[in-house]
Amino acid sequence: MAAATTEKMATAGSCNQELFNPIISMGWQYSGILVISHILQILLKPLGQASPIVQILAGFLMGPSGFSRIKYVEDFFIQNYNSGYYEFMALIFRTIIMFLIGLETDFPYLMRNIRRASIIACGSSLACTIFAGAVTFLVFQETASHGSSFIMALMIIITLANAASPIVVRVAADLKFGTSETGKLAISSSLIADAYSVFLLFILSEYKSTSIAKWIFFFFLYFIIVGVVIVINMYLANWLNRRNRNKKYLGNTEIFVLVAILYIAAMALEQLGFSSIIASFLIGSMFPRGGKAARTLLIKLTYPIHNFIFPIYFGNHGFRANITKLKNLRNFMVFSILILSSIGGKIVGTLAACFHLKIPYREGVLLAFMMNLKGHVDILALTISLASDLVSSQNFYDVMIATIIVNTLICGPIVAFMVRRESDIIGYRQIYFESHNPETELRILACVHSPRPVATMLGLVAASRGPREVPITPYLMHLVELPGKKKTNLMYNQREDDELSDEDDYGGNDVVEINDAMDMFTSETGLLVHQIKAVSPFSRMHADVCNTAQDIRASIIVLPFHKHQRIDGKLENGKQGIRTTNQKVLRHAPCSVAILIDRGLTAGCLNPSGSDSLQHIAILFFGGPDDREALGFSKRLGMDHHVNLTIIRFLPSSSRGQISGVNIAHKTDDVLMAISNDEVEKEADSAILADFHSRYVATGQVGYVEKVVENGVDTASALRDMAEMYSLFIVGKDGRGYSILTAGMSDWEECPELGKVGDFLASPEFDISGSVLVVQQYRPSKNDDDDDDGK
């Protein structure tokens, strides 16, 4: 009886051990990786190391190469029956990771640059394929492997050719060059290299199936499943957006349904023998943008993935590496050959592709090391091969895992060093619109404090779009004031009505109105506007704006005026903090800045492109760098067929009868040195106007009018005469110095941050129905000014 009881207890204990111990040990392992990765992040982030490298290092230290060399730790963490749980969790993680990457990817950029990205990906992958073929026989012999040498060649090719897109994306984001041309090209190329590796992975997993018809059927079924999910998401997202019209975000149940569809499709593809990596990316990239569904998914997924899933996913890769196996001389030799082949193949192939594309050498080297970051499809390929016992050599698998992890730990710091060193070519470079090509990408950061100016801001974005083929990347930043501390007995996370608050609640109903305006704009124009929200006190709000502009590499920041229009058409003062923020941004901004005086909600509103109405816009040109910047910015406006653009140049009466534009080709260097600053500015004004005239006015795209005035009084009178003629006036802030054209206009100056003309157009004495855009050119000297009372 006792023996039977003992046997039952032993059986029950064994069942409990099998049921609970893998989950417990896996949970402790993940917790340990999270803790160590966050500690290392604190220590290594000041040194410029990207988070994926730190997280892989954390897992590496936790694994057999580090703490797990201790017998007790090894017995607890490394258990054979855990492998199935690890692979299932890895599948869950990489599916949602690739979906988020697809959701965040600039897919229009990928399509515009598919040729360049494909050449770089193919060049690096082809070179690595050749290198892999050259070393396969040696690796097969030295690791004492048995099985198919073809399968081993496939695994080595996947390992060398793969560029782990999740690591590339995170490294580029952490090192703050993901929005640069080099960063976006690296991300696009890594995604294409991933697709190549996934294709080889399918051959590897279906190697035993020799039926070509079966392969064709599976590929057809693959695209059918992905296509069906994309169509379902399209209709479901639109229906959910309409269903939650008056809400900020979707509910948790609705998000669960969208994620469940993704996982059902991923599991179905995995059962067919396909990896769901590329499918998850495609489903994410094709998900309808610009609505509550996509907005909610980004908010709900970004935090847990960046702070929990990424550290565990990357850390688990590092945990699997065991460099103690490299004590064997043969293993170490194979390891060294694979490392050199990987780095050499990527450098040779990428540089050859960059030479063909005429990409500078230094950028090519950086791209090569970015493409050499590993730890994604290659790990999956080794896992599948090990489970299928296609190559029977534990030495081979140990060496390959160590190669992948050590390779990434080597290349990660090299990339960080090169990014710091090559900041002159990939760093944030300011754009001067007076010399800017209107056919290159424009990145606008439009800021709002409330829904009032959103319509006119979006109208300005639409008008700045230019021709459809010209890229534009607009951002709308909702600035929300963080109230100061109040004397209260409530907890920090409670409001006066005893309800818990959260950062998402800041902004109140304004968020719903802004989101609705954005969704309507996107549906009408097809132009996606990225949304950002910053919650901070007014004293630090300018820093959020400037830092965001630098992160997204904005070409221009558009700020709302601190006054808003009342129903009777008069401008009413808003919060003083808004004005202070504008003044600080004007001094510290890393790019050009414009202030929008919005009168668009009652009359003269800029309509989005797609509207049938014709908008009349005037550029007031008095001279100086700010006016030249305003003229350069307006080049794109003149390309919009819904905009009738007119340049109104103000000239002093002394210039009557003189020819606009000056030919300085015959002036000697000595004469040029003697020209005063005022004459130099006039020469620059005439040169840019002459160029603008030949490109746009002579072709009939833009109108041109000259106004001859005696003084500021005549200028004010001329401005009053055209008050009702235009829906938007564009003018430079200042920079022209003393000018007879504006003499006397500053006698009633109220808002010096607008300049003399801008302040006059915004003054209560000037009855105008159109909005006003005051532009200031980027001024490096202003960034060093610590005075917060600037004008």
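Residues numbered from 1 in each chain as written. Predicted model: local features only at pLDDT ≥ 70, side-chain atom pairs only at ≥ 80, totals over all residues. Heavy atoms only, no water.

When helices and strands are tallied, the protein shows 28 helices and 12 strands. When the 791 residues of the protein are sorted by exposure, 55% land in the buried category. When contacts within the protein are restricted to residue pairs at least 6 apart in sequence, those whose partners lie at least 24 apart make up 83%. Accessible area for the protein stands at about 35,100 Å²; split by element, carbon and sulfur atoms hold 59% of it. (Helix = DSSP H or I, 4+ residues; strand = E, 2+ residues; numbered from the N terminus. Buried < 20%, exposed > 50% of the residue type's maximum accessible area, 1.4 Å probe, protein only. Contact = heavy atoms within 4.5 Å. Areas by Shrake-Rupley, 256 points an atom, 1.4 Å probe, with all protein chains shown as cover.)

Right, let's talk about a nonpolar patch on the surface for a bit. A surface patch of nonpolar side chains, amounting to about 360 Å² of accessible area, comprises Phe220, Ile224, Val228 and Ile232. Along the chain, Ile232 turns up in helix α10 (residues 212–243). (Patch = residues over 30% accessible without salt bridge, like charges linked within 9 Å, V, L, I, M, F, W, Y side chains within 5 Å. Salt bridge = Lys/Arg side-chain N within 4 Å of Asp/Glu carboxyl O.)

The subject of this paragraph is helix α6 (residues 114–142). Here α6 is 29 residues long and its end C-alpha atoms lie 40 Å apart, about the 42 Å a rise of 1.5 Å per residue gives. Taking the largest bend as the criterion, α6 deviates by roughly 40 degrees, centred on Val135. The first or second residue beyond α6 is Ala144, which carries a positive phi of 55 degrees. (Expected span 1.5 Å × (residues − 1). Bend = angle between axes of the 7 residues up to and from the residue.)

Our focus in this paragraph is the pattern of salt bridges. Evaluation of the coordinates by the stated rule reveals 16 salt bridges. With a closest N to O distance of 3.1 Å, Asp174 and Arg170 form a salt bridge. On the criterion of helical spacing, the pair formed by Asp174 and Arg170 is a turn pair, its members being 4 residues apart in helix α8 (residues 165–174). Across the pair Asp691 and Arg695 runs a salt bridge whose closest N-O atoms are separated by 3.1 Å.

Take the nonpolar core next. Formed by 135 residues in total, the largest nonpolar core has its most connected members in Ile96, Phe99, Ile156, Phe287, Leu297, Met370 and Phe396. Looking at this core, the element that brings in the most residues is helix α17 (residues 394–421), giving 15 residues. The contact partners of Met370, leaving out residues within four places of it in the chain, are Val168, Val171, Ala172, Phe177, Ala186 and Val415. In this structure, Ala549, Ala554, Phe729 and Phe760 belong to the second largest nonpolar core, which totals 50 residues. (Core = buried A, V, L, I, M, F, W, Y, C linked by side-chain atoms within 4.5 Å.)

A few words on the side chain of Glu142. As for its placement among the helices and strands, Glu142 is situated in helix α6. Of the polar contacts made by the side chain of Glu142, one reaches the side chain of Arg330; its length is 3.5 Å. (Polar contact = N/O pair within 3.5 Å; in protein donor to acceptor, adjacent residues only side chain to side chain.)

A sheet is described by the order of its strands in space; here 10 strands give the open sequence β3-β2-β1-β4-β7-β12-β11-β8-β9-β10, paired in mixed fashion. Two strands in the sheet have a free side with no partner beyond their single neighbour: β3 (530–536) and β10 (702–709). Here the strands of the sheet are splayed against their neighbours by 20 degrees on average, with no regard to which way each runs. Of the strand pairs in this sheet, strand β8 (residues 615–621) and strand β9 (residues 643–652) are connected by 7 bridges, and their pairing is parallel. Note that in β9 the partner of His616 across the bridge is Asn644. (Pairing = 2+ DSSP bridges. Axes fitted to C-alpha atoms, helices over the stretch in contact; angles between N-to-C directions.)

Attention now goes to the packing of helix α11 (residues 252–271) against helix α13 (residues 292–320). Contact geometry of α11 with α13 gives a least axis separation of 11 Å together with a crossing angle of 90 degrees. It follows from the interaxial angle that α11 and α13 lie roughly perpendicular. For the pair α11 and α13, contact is made by Asn252, Ile255, Leu258 and Val259 and by Ala293, Thr296, Leu297 and Lys300, respectively. Its residues placed into classes, the contact of α11 with α13 shows 5 nonpolar, 2 polar and 1 charged. (Parallel < 35°, antiparallel > 145°, perpendicular 65-115°, else oblique. Nonpolar A, V, L, I, M, F, W, Y, C, P; charged D, E, K, R; others polar.)

Attention now goes to the environment of Ser539. Residue placement: Ser539 occurs in helix α21 (residues 538–552). The exposure class of Ser539 is partly exposed, given its relative accessible area of 46%.

Two elements in contact, helix α7 (residues 149–161) and helix α16 (residues 377–388), have axes separated by 8 Å at closest approach and are oriented at 160 degrees. By the criterion of interaxial angle, the relationship of α7 to α16 is roughly antiparallel. Handedness of the α7/α16 crossing: left-handed. Where α7 abuts α16, its residues Ile151, Met155, Ile158 and Thr159 lie against Val377, Asp378, Ala381, Leu382 and Ser385. Looking at the contact of α7 with α16 residue by residue, the class counts come to 6 nonpolar, 2 polar and 1 charged. (Left-handed = near helix turned anticlockwise from the far one by under 90°.)

Bringing the packing of aromatic side chains into the picture now. In total, this model carries 19 aromatic pairs according to the counting rule given. Seen in terms of ring centroids, Phe622 and Phe650 are 4.4 Å apart; in terms of plane orientation they differ by 10 degrees. Their pairing is stacked. Of this pair, Phe622 sits in the loop between β8 and α23 (625–633) while Phe650 sits in strand β9, and the two are 28 residues apart along the sequence. There is no split in this pair, since Phe622 and Phe650 are both buried. With a centroid separation of 5.7 Å and an interplanar angle of 75 degrees, the aromatic rings of Tyr726 and Phe729 are classed as edge-to-face. For Phe729, a relative accessible area of 1% gives the class buried. Members of the aromatic cluster, each reached through a chain of ring pairs, are Phe199, Phe202, Phe219, Tyr222, Phe223 and Phe274. (Phe/Tyr/Trp six-rings, centres within 6.5 Å; stacked < 30°, edge-to-face > 60°.)

A regular strand places its side chains on the two faces of the sheet in alternate fashion. Within strand β1 (residues 442–448), 7 of the 7 residues are buried, leaving the element largely enclosed by the surrounding structure. Going residue by residue along β1, you find Leu442, Ile444, Ala446 and Val448 tucked away on one face and Arg443, Leu445 and Cys447 tucked away on the opposite face as well. Both β1 and strand β2 (residues 472–481) contribute to a ladder of 7 bridges, which runs parallel. The residue bridging Cys447 from the neighbouring strand is Met477, located in β2. Here 3 bridges tie β1 to strand β4 (residues 556–560), and the two strands are oriented parallel to one another. The residue bridging Ile444 from the neighbouring strand is Ile556, located in β4.

Attention shifts here to unusual backbone geometry. Positive phi, normally seen in glycine, also occurs at Lys358, with a value near 60 degrees. Considering the arrangement of structural elements, one finds Lys358 in the loop between α14 (329–357) and α15 (361–370). The class for Lys358 is exposed, based on a relative accessible area of 74%.

Most of β4 sits inside the fold, with 5 of its 5 residues counted as buried. The alternating pattern of β4 places Ile556, Val558 and Pro560 on one face and Ile557 and Leu559 on the opposite face, and all of these are buried. Two elements, β4 and strand β7 (residues 592–597), share 5 bridges in a ladder whose sense is parallel. Its bridge partner being in β7, Leu559 is matched across the sheet by Ile595.

Moving on, we come to the environment of Tyr222. You can see Tyr222 is positioned in helix α10. Note: C-alpha distance between Tyr222 and Leu272 (50 residues apart in sequence) is 8.4 Å. If near-sequence neighbours (up to four positions away) are discounted, Tyr222 is found in contact with Leu269, Phe274, Ser275, Ile278 and Ala279.

Considering every residue of the protein, the mean pLDDT works out to 82; 85% of them sit at 70 or more. Here residues 1–20 is a poorly scored stretch, pLDDT under 50, and it has 6 contacts once near neighbours within four places are set aside; other chains count. Below pLDDT 50 for its whole length, residues 487–503 participates in 14 contacts with residues either more than four positions away or in separate chains. (pLDDT = per-residue confidence, 0-100.)

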